[in-house]
Amino acid sequence: MKTKHRTLTLIAATLFAAHTASAQVIDCVCESTYEVGDRVVALVDDPSSANGLPSGSLGTVICGFSPGSIEILIRWDDWGNGFAENKLFCNCAVSPGGGTSGDWGVACAEIELFTPVTNITQGTDHVTIADGIATSNPGDVLELDAHTFTERGLILDNRDITIRGQGPDLTIIDGGSLAPRIFDFSNGDESTIEGVTIQNGLADSGDGGAAARVLGSGTSVTFDDVQFLGNDAGPLTFGALSIEIEAHATLKNCFFANNAAGSGEATDIGVLEGQLTAFNSVFGQSQTGYNNIYFQDGISPAFGLFINCSFGATAKTHHVIAFGPNAIVQLANCIFTASASDNLSSVNGSIILPTSSVFPNATGDNIDGVPTFVDPANGDYRLAPGSLGIDAANYDIYAAGGGELTDLAGNFRLSDDPGILNTGIGGSGMLDCGAFEFQSSSPSQAQCPGDLDNDGDTDLGDFTILASDFGCSPTP
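A short tour of the structure in this document, coming up. (Residues numbered from 1 in each chain as written. Predicted model: local features only at pLDDT ≥ 70, side-chain atom pairs only at ≥ 80, totals over all residues. Heavy atoms only, no water.)

Concerning the sheet that holds strand β21 (residues 269-272)
Think of a sheet as strands paired side by side through backbone hydrogen bonds, with each pair either parallel or antiparallel. With parallel pairing, 8 strands are arranged side by side in an open sheet as β11-β14-β16-β18-β21-β24-β27-β30. On the outer flanks of this sheet lie β11 (154-157) and β30 (344-347), each paired with one strand and no other. Taken over all neighbouring pairs, the strand axes of this sheet differ in orientation by 10° on average, direction set aside. (Pairing = 2+ DSSP bridges. Helix = DSSP H or I, 4+ residues; strand = E, 2+ residues; numbered from the N terminus. Axes fitted to C-alpha atoms, helices over the stretch in contact; angles between N-to-C directions.)

Spelled out as structure tokens, the structure:
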């Protein structure tokens with residue numbers, strides 16, 4: 001049996017009312033179970049004749065009726081068949097303000113406290129994420145319901161827990177575009193965040209990181225199946241995620257879009273003397289800021305490793321930029337649009353090493369050109385039929401880096417496109433570059449054996465490729 005957990009919290013900005021020392025206990029009904037501002041859920045359809053109010057509806061506790069009454073006044077969300085005048089009958093722990101058409105009194109047995117956070121390790125329920133964190137022990141798993149949580153200032157200081165949502169389209173943590181940032185990890189914390197969207201964070205301290213800051217030696221945080229959307233560092237340096245001072249962050253199957261940094265250094269991620277590892281992730285359209293991702297060494301080095309990542313539309317200067325002789329970034333099987341003036345930029349002795357990646361003016365074992373996405377303007381960065389990068393990645397690097405069997409969309413990797421010649425390394429040459437594996441078939445190259453640029457026909461572009469390489473033969 002799970003227990004309802006009421007923990008005092010200082011988080012002021014939350015959709016679910018926090019219990020504070022000043023909260024009014026409604027002691028005239030429901031055995032003093034509720035406080036003004038509590039969030040509750042309806043257990044039955046049409047509770048106490050509330051016509052059209054289905055089971056599972058959420059509401060906020062307003063007051064208690066006359067002592068001895070079996071009813072408590074609830075302001076129900078998205079329901080307007082009540083009466084504002086109902087609040088006139090409150091005489092026990094009344095909330096401020098007037099009534100609304102969502103107000104309706106219900107029997108105590110037809111509601112319960114809404115607790116969308118469950119510590120499945122301890123078997124306890126919690127009103128807020130902050131409550132769940134505050135009572136957690138290392139190794140605990142907090143499971144979040146499919147819901148939008150408006151919370152911020154969530155501090156994980158050597159907690160070492162897992163916070164797991166129901167998927168980024170179902171579980172959303174919204175900072176409400178107010179400071180402080182949504183997550184702060186420090187003091188050697190090794191937590192994991194899974195299956196959520198982190199959005200509308202606002203940073204007000206340090207170097208930014210409106211969605212999350214990962215700070216300090218020994219702190220190593222994993223984000224798996226997480227969307228970072230609309231986070232804003234304000235005038236600070238790093239937009240959605242800031243990794244600082246020997247900290248490490250790992251991204252798996254993550255998606256970044258519409259993040260911003262007013263100072264312009266990095267809209268998505270800033271790495272300051274830290275380490276970032278990213279697999280199967282997309283860095284899409286951003287707002288203010290010059291670069292998507294920024295690395296800076298200092299007393300300690302800065303490292304980056306990107307495997308099968310897609311860098312989409314951006315109006316900024318660079319997709320990835322690194323500063324300093326101890327800043328080293330490696331990229332394998334990645335794809336880049338041509339929208340940045342310079343996709344990869346090494347400054348002050350830094351090193352950026354791409355391999356088996358697709359971008360304009362690529363050299364070495366990379367692919368020179370621009371990938372074709374399905375609908376990048378609307379955030380769809382899947383490869384279109386015939387795109388560069390299909391069946392062209394290095395599977396050996398992918399596997400050695402811990403690559404998973406599925407792509408960002410959950411589709412099976414090593415899906416062969418019969419219309420494209422396999423030019424990849426390992427895995428039968430079938431692995432695609434980027435975060436998504438192409439799942440269909442391109443127009444067959446067998447129809448046009450001379451289609452060297454994979455555009456579906458044999459034309460002057462193919463002749464140009466042939467002419468530039470004419471006479472080449474392997475060195476004995």
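Here we look at the pairing of strand β17 (residues 220-229)
One ladder, built from 7 bridges, connects strand β15 (residues 192-199) with β17; its direction is parallel. Paired with Glu-194 across the strands is Asp-224, a residue of β17. With 5 bridges joining them, β17 and strand β19 (residues 248-252) adopt parallel strand pairing. Looking at the pairing, Phe-223 lines up with Leu-251 of β19.

Concerning the pattern of salt bridges
Summed over all chains, the structure comprises 7 salt bridges. Between Arg-164 and Glu-194 there is a salt bridge, with the nearest N and O atoms lying 3.0 Å from each other. Linking Arg-164 in strand β12 (residues 162-164) with Glu-194 in strand β15, this pair joins segments that are 30 residues apart in sequence. The class of Arg-164 is partly exposed, set by a relative accessible area of 28%. For Glu-194, a relative accessible area of 22% puts it in the partly exposed group. Asp-380 serves as the salt-bridge partner of Arg-382, at 2.7 Å between the closest nitrogen and oxygen. The exposure class assigned to Asp-380 is buried, which follows from its relative accessible area of 19%. (Salt bridge = Lys/Arg side-chain N within 4 Å of Asp/Glu carboxyl O. Buried < 20%, exposed > 50% of the residue type's maximum accessible area, 1.4 Å probe, protein only.)

By themselves, these observations are geometric and do not establish any function.
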